[in-house]
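Structure assessment
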Amino acid sequence: MTRSRQRKLKRNQQHKAISIARRGALAVASAPVASALLLCMHTAYAADANGAGAAANDNGGALAEIIVTAEKRAQNLQNVPVSIQAFDTRELQRLHVTDFNQYVKYLPTVSFQEVEGPSFEHTYMRGIASGGDGNHSGSLPSVGMYLDEQPVTTIDGNLNIHIYDIQRVESLAGPQGTLYGASSEAGTIRIITNKPDVHKFEAGYDLDGNSVDHGGVGYTAEGFVNLPIADIAAVRLVGWYEKDAGFIDNVHETVQFQGPNGTTIPYDNASQVKNNYNDVTIKGGRAEFAIDLNDNWTILPTVMGQVADTNGNFAYDPKLGDLKVAHFSPDTVHDSWTQTALTVKGKIHGFDLVYAGAWLTRNTHEHSDYTDYSLAYDLAYSFAGYGAYFVDNAGNVINPAQQIYGNDHYTKLSNELRVTSPKSEPFYFTAGAFVQRQVHEIMQNYRIDNNNDPLATSLSIPGWPGSLWLTDQERVDRDQALFAEFSYRFTPKLTGTAGARYYTFDNTLDGFYGFAATFSSHEGVATCPYPNLPWRNAPCSDLNGRSTGSGITPKLNLTYKISANKLVYATYSKGFRPGGVNRNGGGKLPPYKPDYLINWEFGWKTQWDDNRFRWNGALFYDKWKDFQFAYLGENALTIIANAGAADVKGIETNVAWRATRALTLTSGLAYLDAKLTQEYCADPTGAQCYPGTSYEQYAPNGQQLPVTPKFKGNVTARYTFMLGSLHANVQGSAVYVGSRWADLRMVARNDLGREPAYTLADFSFGIDKSNWHADLYVNNAFDKRAVLDRFSECDVATCGSVAIYNVPNQPRTIGVKFGQRF
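Just so you know, these numbers come straight off a predicted model, no measurement behind them.

Here is what the cut-offs are and how they apply
Counting restarts for each chain, with residues numbered from 1 along the sequence as it is written. In view of the model being predicted, local features appear only for residues whose pLDDT reaches at least 70, and side-chain atom pairs are presented and counted only at 80 or more, with totals across whole chains, interfaces and linings using the full set of residues. Working from all heavy atoms in the structure, the side-chain values ignore hydrogens and water. Secondary structure elements are defined from DSSP: runs of H or I of at least 4 residues count as helices, runs of E of at least 2 residues count as strands, and each element is numbered from the N terminus. Accessibility here uses a 1.4 Å probe with only protein chains present; expressed as a share of the type maximum, an area under 20% marks a residue as buried, one over 50% as exposed, and anything in between as partly exposed. A 1.4 Å probe that fits but cannot get out identifies a cavity on a 1 Å grid over protein atoms alone, an open set with protein on both sides within 12 Å along at least five of seven lines counts as a pocket, and a residue lines either if it has an atom within 4 Å of a point. Grid points are joined across faces, edges and corners, and a volume is the space filled by probe spheres set on the points. Amino acids outside the nonpolar list (Ala, Val, Leu, Ile, Met, Phe, Trp, Tyr, Cys, Pro) and the charged list (Asp, Glu, Lys, Arg) are all regarded as polar, and Gly is one of them. The pairing test for Phe, Tyr and Trp rings, Trp by its six-membered ring, is centres within 6.5 Å, and the orientation test on the planes gives stacked under 30 degrees, edge-to-face over 60, and tilted for anything in between. Criterion for a charge above a ring: Lys NZ or Arg CZ within 6 Å of the ring centre, and within 35 degrees of the ring normal. Contacts were defined at the residue level, with two residues in contact if any of their heavy atoms lie within 4.5 Å. Salt bridges are identified by distance alone: a Lys or Arg side-chain nitrogen within 4 Å of an Asp or Glu carboxyl oxygen. At least two bridges found by DSSP between two strands is the condition for calling them paired. Buried Ala, Val, Leu, Ile, Met, Phe, Trp, Tyr and Cys residues form a nonpolar core when they are joined through side-chain atoms within 4.5 Å. A pair of cysteine sulfur atoms is labelled a disulfide when the two atoms are within 2.5 Å. Patch definition: residues with relative accessible area over 30% and no salt bridge; like charges joined within 9 Å; nonpolar side chains (Val, Leu, Ile, Met, Phe, Trp, Tyr) joined within 5 Å. Using a 1.4 Å probe, accessible areas were evaluated by the Shrake-Rupley method; residue-level cover was limited to the displayed protein chains.

1. Describing unusual backbone geometry
Negative phi characterises most residues that are not glycine, and trans characterises most peptide bonds. In this structure, Asp165 is a non-glycine residue whose phi angle is positive, near 55°. On the secondary structure map, Asp165 appears in the loop between strand 7 (150-151) and strand 8 (166-173). Taking relative accessible area as the criterion, Asp165 reaches 9% and is therefore assigned buried. In the Ramachandran plot, Leu323 falls in the positive-phi region, its phi being about 60° despite a non-glycine side chain. As for its position among the elements, Leu323 is in the loop between strand 17 (298-311) and strand 18 (324-325).

Next up, the structure:
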């Protein structure tokens, strides 16, 4: 018999085993790879029939198993001694999740800031947030983002990956410094795609139409097809097109700039007035191949890309009214990214070998209004004749309002090679090596060119007529690491794990930032050591910084299996974030140092009542040392300081209960007490740092950390029933988020105020039969206006006098979905 016929016969046997499993019997395939496939297929079937985390098996309505790969091996979630929440395909569909904002609200320990709209969210976990992260020249993120095996964490914000045909989303809370390394300091979020299946043809599509209160109409079309190409190969193609309705109005406004001799310069935004102007169009696709070289080796090449075109601003000015803003020039973002990845999985003498490599490229083109900055400085320095500084080539005073033109090019090359030993032995391990190189080419052009009357050439950046400020930089972040976790099963109930990651980082920031020499002697051409030597597109280079370092992040864990369905664990772990370069004042400030998170954690994974009730959770105490704090200094230039130390004490827990065969309840909550343990003061003398000071860079000992609420929780109830010959369901979800502060510092808090608590409710009704399903849903049913973030265009003490903006949630949205599977 030929080898090809042997593989075909073996696959036929696996098909029969899967059919037996679907009838509720236990099947065991001969090969370890087939066993893992069988387990995943059985779990996927149970979840598809009844829902992830709330699915009924045939044995009396028990909750379904959830298989995760958080420890870089496939395991039942209940056997993994890590605080994890996971949503699989069916659960994501039930919650009507299509993007980051929609799944993160069900993750109690996750918070985020969203200033520039979709794809620029900055993510935080367990209260590890200082606020203000995400600047192109600032700190790396503290939460890692992964797409399958490859990291997709970017400096400027998340890749807002469209959630469709996704196998599951995993959220790993707490430091993941051993297996995931830098930028997984406080946790990791993993998006796992559905893989090609060589055994069957499968296809489907979904359509969605919705209407947003106070806004417009949106729609989405999505589809996928799984095509076996031969006995050993298959391709899975996925595509989507999404149009999100706008709901913020850009209203008419006229402002006055100070001119010479008591005159004023009016500025009118009539040409930019538009209702519902913050609409978004997203389109993308994924092509993934699976090639089974033999029974032990599989190659998975993938190409995935997405383009998002965003109009308008996603914040409003409460002084102008609900969901209203007054901007004077266009606000647009074109964000496109493509990731090409290769995963190779093999088995050698029972050991699993995995290579995961990826090339990610991202381009953003932005046009932003920056009038607030100009107005703020006009008001603050009118006594010094600020407005009279800005003249055209004829010497006439002009409108000084600025616009920002940004072009960023970002690439990430990552490679990981690891080996995993069989867990069937008392001693088992995971070990590997990781190399990553990120390059961010930054171009930001701040222009004064209103009514075709540009800034004088003598005041402009040389070679850039009309440009008051120019940023032309190249940032390179290099990471290398060796990692290993070793586990030993002392008894059938007690297992110990020890791990470590040795890492090095080498980060550079080079280029130009600043003004023309005729405008400023502090930043720009005046500080270039070689002012006549061009650097890329800039007139010269005034920045050449480097930050390097190395270290070890350890992990220790003890897990005790109380019974087959209950375990407890204790963990000590450490996470880190690399240091970097401060670009302020031509190198006046030293590089900022790495920061570290030390975590002590006690957790539990339990199932009760014949696996109808699941209760997982963790208590933790985290110490955040030398944490990186970003703030806006002179000329709204970002500065990063190591601000001191903070502690976070908290609890996170989630529950799933199959109350009856028809009713399922799920809930999650987190309580976080995140505070400074020493004051933050940027004044080296300390003379300006005391309660009640007007000094901006001060926060007292005991100050609550920003962004994250003390309490966040959610609850979902789902009831299924027959409606004639149709399967029907009703579902309701509620999410509560406590009050938060947007900034760490006292002066900024006084200006911005506290972001209020809010509660949001979603409801849906669905029917399905055979291969089709339909849903009617209402999100934010009571049209509550949450404040997700609050900010000003530059430092609050200056720009807060012009406008303070609220970033809202989407108003009440009513929609209908229809889909089919083939």
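2. A few points about the layout of surface pockets
The method is simple in principle: a probe with the dimensions of a water molecule rolls over the atoms, and the space it marks as empty is what remains. Estimates place the volume of the second largest pocket at around 470 Å³. What lines the second largest pocket is a set of 23 residues, among which Gln75, Asn79, Lys423, Tyr428 and Thr495 lie closest to the centre. For the lining of the second largest pocket, the secondary structure elements donating two or more residues are strand 22 (427-447), strand 25 (467-489), strand 26 (494-514) and strand 27 (543-563). When residues in the lining of the second largest pocket are grouped by element, the largest group, four residues, is from strand 27. Residues belonging to the lining of the second largest pocket are distributed by class as follows: seven nonpolar, nine polar and seven charged.

3. With respect to the packing of aromatic side chains
For the structure shown, the criterion picks out 33 aromatic pairs. Taking 6.3 Å as the distance between ring centres and 40° as the angle between the ring planes, the aromatic pair formed by Phe427 and Phe429 counts as tilted. Given a relative accessible area of 43%, Phe427 falls into the partly exposed group. By relative accessible area, Phe429 is classed as buried at 18%. Here Phe711 and Tyr736 contribute two aromatic rings whose centre-to-centre distance is 5.9 Å and whose plane-to-plane angle is 45°, an arrangement assigned as tilted. Remark: Tyr736 occurs in strand 38 (residues 726-737) and Phe711 occurs in strand 37 (residues 711-723); sequence separation between them is 25 residues. Of the residues examined, Phe711 reaches a relative accessible area of 32% and is grouped as partly exposed. Through a chain of ring-to-ring contacts, the aromatic side chains of Phe390, Trp469, Tyr513, Phe515 and Phe519 assemble into a single cluster. Sitting above the plane of the Tyr513 ring, Arg583 keeps its charged end 5.5 Å from the centroid. The ring of Tyr777 has Lys817 lying over it, and the distance from NZ or CZ to the ring centre is 5.9 Å.

4. Details of the environment of Ala717
On the secondary structure map, Ala717 appears in strand 37. A residue is classified by how much of its surface remains accessible, and Ala717, at 30% relative accessible area, is partly exposed. Distance from Ala717 to Phe763, taken between C-alpha atoms, is 9.7 Å for residues 46 residues apart in sequence. Those residues within four positions of Ala717 in sequence are excluded, and the remaining contacts are Thr664, Leu665, Val730, Gln731 and Gly732.

5. What to know about the pattern of salt bridges
This structure, assessed with the given rule, holds 36 salt bridges. Lys347 is the partner of Asp352 in a salt bridge, and the nearest nitrogen-oxygen pair spans 2.5 Å. Each of Asp165, Glu202, Arg236, Arg286 and Glu288 takes part in one network of salt bridges that share partners.

6. A closer look at the sheet that holds strand 6 (residues 143-147)
With mixed pairing, the five strands of this open sheet are ordered in space as 3-8-9-6-7. Looking at the sheet topology across the chains shown, the edges are occupied by strand 3 (84-88) and strand 7. Bridging between strand 3 and strand 8 involves five bridges; their strand directions are antiparallel. Paired with Asp88 across the bridge in strand 8 is Arg168.

7. A word on the pairing of strand 28 (residues 566-577)
Two strands pair when backbone bridges link them, and strand 27 and strand 28 are joined in this way by eight bridges, in the antiparallel orientation. Bridging across to strand 28, Leu556 finds its partner in Tyr572. Hairpin connection from strand 27 to strand 28: two residues lie between these consecutive antiparallel strands. Both strand 28 and strand 29 (residues 595-608) contribute to a ladder of twelve bridges, which runs antiparallel.

8. Points about the pairing of strand 19 (residues 332-348)
In this sheet, strand 19 lies alongside strand 17 in antiparallel orientation, the contact comprising 14 bridges. If you follow Pro301 over to strand 19, its bridge partner there is Leu342. With 17 bridges joining them, strand 19 and strand 20 (residues 351-370) adopt antiparallel strand pairing. Of the residues in strand 20, the one forming a bridge with His334 is His365. Between strand 19 and strand 20, which pair antiparallel and follow one another directly, the connecting turn spans two residues, one of which, His349, has a positive phi of 50°.

9. Thoughts on the nonpolar core
Grouped together as the largest cluster of nonpolar side chains are 107 residues, with contacts concentrated most on Tyr103, Ile161, Val169, Ile191 and Phe627. The leading source of residues in this core is helix 5 (residues 371-380), at four residues. Aside from chain neighbours lying at most four places away, what touches Tyr103 is Phe87, Val97, Met145, Ile163, Val169, Ile189 and Ile191. Val68, Ala70, Phe505 and Phe576 belong to the second largest nonpolar core, which has 19 residues in total.

10. Considerations on the side chain of Asn269
If you trace the backbone, Asn269 turns up in the loop between strand 15 (264-268) and strand 16 (280-292). With relative accessibility at 0%, the residue Asn269 sits in the buried group. If sequence neighbours within four positions are ignored, Asn269 has contacts with Asn250, Val251, His252, Glu253, Ala326, His327 and Phe328.

11. A closer look at the state of the cysteines
Applying the stated criterion across every chain yields a total of two disulfides. Bridging Cys528 to Cys540, the disulfide has an S-S length of 2.1 Å. Between Cys528 and Cys540 the sulfur-sulfur dihedral comes to about 70°; the bridge is accordingly right-handed. With Cys528 in the loop between strand 26 and strand 27 and Cys540 in the loop between strand 26 and strand 27, this pair connects stretches of sequence that are twelve residues apart. When sorted by exposure, Cys528 lands in the same class as Cys540, which is buried. Between the sulfur atoms of Cys681 and its disulfide mate Cys689 the distance is 1.7 Å. Residues Cys681 and Cys689 are joined through a disulfide that is right-handed, its torsion about the S-S bond being 70°. Since its relative accessible area comes to 11%, Cys689 is described here as buried.

12. Considerations on helix 5
Judged by how many residues are buried, helix 5 sits mostly within the fold: eight of ten residues are covered. If you check which residues of helix 5 are buried, you get Thr371, Asp372, Tyr373, Ser374, Leu375, Ala376, Tyr377 and Asp378.

13. Focus on the environment of Gly644
Residue position: Gly644 is located in the loop between strand 32 (638-642) and strand 33 (645-658). Through-space distance from the C-alpha of Gly644 to that of Asp595 is 9.5 Å; in sequence the pair is 49 residues apart.

14. Some words on a nonpolar patch on the surface
A cluster of nonpolar side chains, namely Tyr719, Leu723, Val730, Phe765, Leu776, Ile814 and Val816, defines an oily patch on the protein surface of about 580 Å² accessible area. Elements that contribute at least two residues to the nonpolar patch include exactly strand 37 and strand 45 (813-821).

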